[in-house]
Amino acid sequence: MCISCRERFSRRVLVRLQIEQQSVIIYSGIGRSFYLCEICATNQKKQTGLAKRFRVNETNLTELLKEILKNG
Ligand SMILES: [Zn+2]
């Protein structure tokens, strides 16, 4: 389930992420993680909301998501 829109996805891409030391990173396999769908990951408003929710730097979050989606 996407943490942002709370939709369940079967085919659409979900990105698995985690928070570590106030920044969002790709899930490392340890600790708590969450999923974000491709739609929310590319939505600026959702990104702003997530950055506020997790108290992380919005620019970093945006850049990371851009990288992830670019690399598939
Ligand atoms: Zn979503």
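Note that the coordinates shown come from a computational prediction; the quantities given were computed from them, not determined experimentally.

1. Digging into the packing of aromatic side chains
Part 1 of the reasoning: Within this structure, the stated rule accounts for one aromatic pair.
Part 2 of the reasoning: Taking 4.9 Å as the distance between ring centres and 20° as the angle between the ring planes, the aromatic pair formed by F34 and F54 counts as stacked. One end of the pair, F34, is in strand β3 (residues 34–37); the other, F54, is in helix α2 (residues 44–54), with 20 residues separating them in the sequence.

2. Side note on helix α3 (residues 58–71)
Part 1 of the reasoning: Counted at 1.5 Å a residue, the expected span for α3 with its 14 residues is 20 Å, and the 20 Å between its end C-alpha atoms agrees.
Part 2 of the reasoning: Within the sequence span of α3, burial applies to L61, T62, L64, L65 and I68. Around the axis of α3, the buried residues are gathered within 165° of arc, so they sit on the same side. Exposed side of α3, more than 90 degrees from the buried face: T59, K66, K70 and N71 are the residues found there.
Part 3 of the reasoning: For α3, the elements touching its buried residues are β1 (14–20), β2 (23–26), β3, α1 (38–41) and α2.
Part 4 of the reasoning: Two or three places before T59, at the opening of α3, N57 has a side-chain oxygen 2.9 Å from that residue's backbone nitrogen.

3. Things to note about α2
Part 1 of the reasoning: For α2, the full list of buried residues reads Q47, L50 and A51. Seen from one end, α2 has its buried residues packed into an arc of 100°, which puts them on one side. For α2, the exposed residues set more than 90 degrees away from the buried face come down to K45 and K52.
Part 2 of the reasoning: Each element contacted by the buried residues of α2 is listed here: β3, α1 and α3.
Part 3 of the reasoning: With a side-chain oxygen positioned 2.8 Å from the backbone nitrogen of K45, the residue opening α2 is N43.
Part 4 of the reasoning: Directly beyond the C-terminal end of α2, a positive phi value near 55° is found at R55.

So, how was this worked out
- Residues numbered from 1 in each chain as written.
- Predicted model: local features only at pLDDT ≥ 70, side-chain atom pairs only at ≥ 80, totals over all residues.
- Heavy atoms only, no water.
- Phe/Tyr/Trp six-rings, centres within 6.5 Å; stacked < 30°, edge-to-face > 60°.
- Helix = DSSP H or I, 4+ residues; strand = E, 2+ residues; numbered from the N terminus.
- Expected span 1.5 Å × (residues − 1).
- Buried < 20%, exposed > 50% of the residue type's maximum accessible area, 1.4 Å probe, protein only.
- Arc of directions from axis to C-beta.
- Contact = heavy atoms within 4.5 Å.
- Polar contact = N/O pair within 3.5 Å; in protein donor to acceptor, adjacent residues only side chain to side chain.

Nothing here speaks to function; it is all geometry.
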